[in-house]
Amino acid sequence: MKATPPHPRLSPPALVGPSRARVPAAHAEDIHQILISAPRIRRRVEEMAHAISEDYRGERLVIVALLNGTILFLADLIRHFEFPLRVDLIGVSSYRGGTSSGELEYTKRLKLDLKDHHVLIVDDILDTGKTLRAVTRELALQKPTSIRTCVLLDKPSGRSDSFQADYVGFQVPHLFVVGYGLDYDERYRNLPFVGVLQQHIYEPETPAHP
Ligand code: XMP
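These lines cover the structure that appears in this document, whether it is placed above or below. (Residues numbered from 1 in each chain as written. Predicted model: local features only at pLDDT ≥ 70, side-chain atom pairs only at ≥ 80, totals over all residues. Heavy atoms only, no water.)

Below, the discussion takes up the site of the ligand. Neighbouring residues of the ligand: 16 residues in total, closest Asp 124, Asp 127, Thr 128, Thr 131 and Val 177. Separating a nitrogen atom of the ligand from a backbone N or O atom of Val 177 is a distance of 2.7 Å. Taken by itself the ligand offers 510 Å² of open surface, and the protein chains cover 86% of this. Listing elements by their share of the shell around the ligand, those giving two or more residues are strand S6 (118-126) and helix H3 (130-140). (Near = heavy atom within 4 Å. Polar contact = N/O pair within 3.5 Å; in protein donor to acceptor, adjacent residues only side chain to side chain. Areas by Shrake-Rupley, 256 points an atom, 1.4 Å probe, with all protein chains shown as cover. Helix = DSSP H or I, 4+ residues; strand = E, 2+ residues; numbered from the N terminus.)

Right, let's talk about the sheet that holds strand S10 (residues 194-197) for a bit. In spatial order, the strands read S2-S10-S9; together these three strands make up an open sheet with antiparallel pairing. Looking at which strands have only one partner, the edges of the open sheet turn out to be strand S2 (31-36) and strand S9 (177-178). Across two bridges, the pairing between S9 and S10 is antiparallel. By the bridge assignment, Val 177 is partnered in S10 with Val 196. (Pairing = 2+ DSSP bridges.)

This brings us to the nonpolar core. Counting residues in hydrophobic clusters, the biggest one holds 33 residues, and the most contacted among them are Ile 36, Phe 73, Leu 77, Leu 120, Cys 150 and Leu 153. Breaking this core down by element, the ones donating at least two residues are S2, helix H1 (38-56), strand S3 (61-67), helix H2 (71-78), S6, strand S7 (146-154), strand S8 (167-171) and S10. Examining the composition of this core, we find that seven residues originate from one element, H1, more than from any other. Apart from the residues lying within four places of it in its own chain, the contact partners of Leu 77 are Val 45, Met 48, Ala 49, Ile 52, Val 122 and Cys 150. Among the nonpolar cores identified, the runner-up in size contains 18 residues, and Val 92, Val 135, Leu 139 and Ala 165 belong to it. (Core = buried A, V, L, I, M, F, W, Y, C linked by side-chain atoms within 4.5 Å. Buried < 20%, exposed > 50% of the residue type's maximum accessible area, 1.4 Å probe, protein only. Contact = heavy atoms within 4.5 Å.)

See the structure below:
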């Protein structure tokens, strides 16, 4: 068995702007615009899965996905893998706005033993980088063969340190995005696209646009 998988083979992520895709009428009151349409997500997730398959085929791989934002991404990604692997989930939440900002609280711990396995951590979005840096550090204590990270979205403008993910789907601008697993107040996770919220949702005093 190779000690580490080869350098990630994925093409660099595109920086996405507003898409020409129309927000479906059912969501127009809440979603201002679509950033990444469902077909575009599907194509890129397939490319990511292909690159990851090439890198890890024949290796002992454990996918560790972070709850809850990865639910759609994880399901779509792993269904492309045509080799044996194991999947486990961890729950982490940061104390945003609390006194110990940056600290993570584990709401669900890992069950699998990672020793002598390659680990691919899957998350929805890389923003400040604190979550993935802390989780990587924690999982490294189990002495896996290697650890890499895979995110659907990267928001480089939010980064508070130099953390980079190994596999990145898309780069997004400095906006709060929802859909395809990402939520605002546990809503919008089911949307098949990634979009930007209408301002009146997070600032209720703002009048809703027609
Ligand atoms: P950090 O800052 O630690 O955060 O890289 C990653 C986690 O923060 C959440 N997050 C978002 N969630 N829309 C969301 O729905 C966003 O634009 C956004 N930015 C950060 C998310 O839970 C992610 O795992």
